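# A structural walkthrough
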Amino acid sequence: MGYATEDVSKAIDTSGPNSSIEELTGFISDAQMAKAVDVELSSETKPMPNVLFSNYSGDKKRKYLQYKFCGKKNHHISHNGKRCIGKDSEASSLPNPMIGFGVPTKSCATICRTLPHIVIGPPWFYYENVALTPKGVWNTISQCLYGVEPEFVDSEYFCATTRKRGYVHNLPIQNRFPILPLPPKTIHEALPLTRKWWPNWDTRTKLNCIRTTIVSAKLIERIRKELEGWEEPPIDVQKYVLYECRKYNLVWVGRNKLAPLEPNEMEMLLGFPENHTRGGGVSVTDRYNHLVTLFRLIQWHIISQF
C-alpha cells in the first residue's frame, strides 16, 4: 500500500515480529492519523506563555522553540518564525467541504459515479484510511482496488468530533439516510454541564479527532497554574491553553479546571450506547484504543444500503 520502510519497521518493533498484516497496517494507520492531527495543529508554532521563557534571552528563546517544536523531520522554521510542513503530503488536494458523495445532513448536488463492471454489486469491499497521507498513497490504494475513486468525509458532519478519513468501497451511494438516534453535533449539546465553566475565549464547538494519547496529570496541573489569578487570561496564555485543549480534547469541568474525556463520553460522542467498549476485563486504556477505531460513518455507509 506504499508504506514507508521506516513506518513498517517501527510497526514491527512495536507490535512484534509475529504480528499479523492486519495488526501492522492498523498500527501504521493510527500513526498516520496522529500525524494528520499534528499537521492540523501545526499551522502556527505552539504558543507558550511568556512566563515559561523568563530565563531565556531572545536568541535562546528562538533556538529553544526551533529545537522543541520544529526540529523534526520534514519541518523547518520559515522566515516569519512559523512551523512549516514538508511538501510530501496531499492535504491541498482534499475536497472542501469534505462531505464525500454527499451526507444526509448536508445539501449538495446529486453525484453519480461509474464503477468498473467487475466491482458492481456484491461481494462488497470497504477500505478505510486517514485522509492526509504521503503523496501518491491514495492513487496506489485506488489502483489496488480496481481503480475505485476514494470518498473523503469529515466526521464533523455527523457528530461533535472531527475526523478526516478516506474510504474506497463499492457500496451504492444513493438513498443514504442518517442512523437514529442522531449523536450530538456540538460539544455543549454532548456535554451540557461543561457550559457553566466554559470561558468565552474558548470558541471550540467541535472536538478534534479522538486519539489514544492520554494527557498527563502534570500538564493539567500546569495549565491550572497558568490560569490562576486571572479573571481574563492574557492572550498568550489563552493561545497556549487552547492549543493543549485541541491537542488532547480537554473540556472544562470547573473554574480553571480541565479534564480529558472519559470512555463513556467518547462512546456517546461517537453515537454508540453507554459501555459499548466495556466488559470482559477490558482496561480503560484498552477502551480508549478501541474507541479510536470506531466510527459512526462506517455504520451509515453500510447499514443504510441494506
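Residue numbering note: each chain is counted from 1, following its sequence as written. At least 70 in pLDDT is required for a residue's local features to be given in this predicted model, at least 80 for side-chain atom pairs to be given and counted, and no such filter applies to totals for whole chains, interfaces and linings, which use all residues. Hydrogens and water are ignored here; the side-chain numbers use all heavy atoms of the structure.

### Thoughts on the overall build of the protein
Comment: elements are numbered from the N terminus, with helices defined as DSSP H or I runs of at least four residues and strands as E runs of at least two. Each helix and strand in the protein was counted, giving ten helices and seven strands. Relative to its full complement of 306 residues, the protein shows a buried share of 43%. Any two residues whose heavy atoms approach within 4.5 Å are treated as being in contact. Looking at the protein alone, contacts between residues at least 24 apart form 68% of all its contacts between residues at least 6 apart. Per-residue accessibility takes into account occlusion by the displayed protein chains alone, with areas from the Shrake-Rupley method and a 1.4 Å probe. A total accessible area of about 17,300 Å² is found for the protein, and carbon and sulfur atoms account for 54% of it. Summary of the burial criterion: residues with accessible area below 20% of their type's maximum are buried, those above 50% are exposed, and those between are partly exposed, where the area comes from a 1.4 Å probe applied to protein chains only.

### Examining the packing of helix α6 (residues 217-227) against helix α7 (residues 235-248)
Think of each axis as a best-fit line through the C-alpha atoms, taken over the contacting stretch in the case of a helix, with angles from 0 to 180 degrees between the N-to-C directions. Contact geometry for α6 and α7: axes closest at 10 Å, N-to-C directions at 155°. With respect to each other, α6 and α7 are oriented roughly antiparallel. The crossing of α6 and α7 is left-handed. Only Val237, Tyr240, Val241, Glu244 and Tyr248 of α7 make contact with α6, whose side of the interface consists of Leu219, Arg222, Ile223, Glu226 and Leu227. Ten residues, namely Ala, Val, Leu, Ile, Met, Phe, Trp, Tyr, Cys and Pro, are considered nonpolar, four, namely Asp, Glu, Lys and Arg, are considered charged, and the remaining ones, Gly among them, are considered polar. Grouping the amino acids of the contact of α6 with α7 by side-chain chemistry returns seven nonpolar, no polar and three charged. Oblique is the label for any angle not covered by the other classes, which are roughly parallel (under 35 degrees), roughly antiparallel (over 145) and roughly perpendicular (65 to 115). Take the far helix as your reference; a near helix turned counterclockwise from it by less than a right angle gives a left-handed crossing, and one turned clockwise gives a right-handed crossing.

### Things to note about helix α4 (residues 137-144)
One full turn of an α-helix is made of 3.6 residues, so residues set three or four places apart face in the same direction. Every buried residue of α4 is accounted for by Val137, Trp138, Ile141 and Ser142. Viewed end-on, α4 has its buried residues packed into an arc of 135°, placing them on one side of the element. In this structure, the buried side of α4 is in contact with β3 (126-130), β4 (151-154) and β5 (164-169). Following α4 by one or two positions, Tyr146 adopts a phi angle in the positive range, close to 65°. Our arc is simply the arc of the directions from the helix axis toward the C-beta atoms.

### Some thoughts on the packing of aromatic side chains
Note on ring pairs: Phe, Tyr and Trp rings are taken, using the six-membered ring of Trp, and paired if centres are within 6.5 Å. Classes follow the plane angle, with under 30 degrees stacked, over 60 edge-to-face and the rest tilted. Scanning the entire structure with this criterion turns up four aromatic pairs. Look at Trp138 and Phe152: their rings are 5.2 Å apart centre to centre, the planes differ by 85°, and that puts the pair in the edge-to-face class. Here Phe152 lies in strand β4 and Trp138 lies in helix α4, a separation of 14 residues in the sequence. The same class applies to Trp138 and to Phe152, which are both buried.

### Structural notes on unusual backbone geometry
The omega torsion of the bond from Asn96 to Pro97 falls at 5°, within 30 degrees of zero and hence cis. Turning to its location among the elements, Pro97 is positioned in the loop between β2 (83-85) and β3. A cis amide bond, omega 5°, links Pro122 with the succeeding residue Pro123. In this structure, Pro123 sits in the loop between β2 and β3. A positive phi is found at Tyr146, a non-glycine position, where the angle reads about 65°. Assignment of secondary structure puts Tyr146 in the loop between α4 and β4. Of note, the phi angle at Asn249 is positive, near 55°, even though the residue is not glycine. Its place among the elements puts Asn249 in the loop between α7 and β6 (251-254).

### Section: α6
Residues Leu219, Ile220, Ile223, Glu226 and Leu227 constitute the buried set of α6. With its buried residues spanning 125° around the axis, α6 presents them on a single face. What points out from α6, more than 90 degrees from its buried face, is the exposed set Ala217, Lys218 and Lys225. The secondary structure elements touched by the buried residues of α6 are α7, β6 and β7 (257-259). Following α6 by one or two positions, Gly229 adopts a phi angle in the positive range, close to 85°.

### Examining the confidence of the model for the protein
One rule of thumb: low pLDDT means the predicted coordinates there are not for detailed reading. Here the protein averages 75 in pLDDT, and 63% of its residues register 70 or above. A residue's pLDDT is simply how confident the predictor is in it, with values from 0 to 100. Counting contacts from residues 53-58, a segment whose pLDDT is below 50, to residues more than four positions away or on other chains yields six contacts. In the predicted structure, residues 60-87 sits below a pLDDT of 50 and forms 37 contacts with residues beyond four places in sequence or in another chain.

### Examining the pattern of salt bridges
Salt bridge, as applied in this entry: a Lys or Arg side-chain nitrogen positioned within 4 Å of an Asp or Glu carboxyl oxygen. Overall, the coordinates contain seven salt bridges when judged by the stated rule. Salt-bridge contacts for Arg255 lead to Glu231; the nearest nitrogen and oxygen are separated by 3.8 Å. Within this pair, whereas Arg255 is found in the loop between β6 and β7, its partner Glu231 is found in the loop between α6 and α7, the two being separated by 24 residues in sequence. On the basis of relative accessibility, which here comes to 70%, the residue Glu231 falls in the exposed class. Through salt bridges with shared partners, one network takes in Glu221, Arg224 and Glu228.

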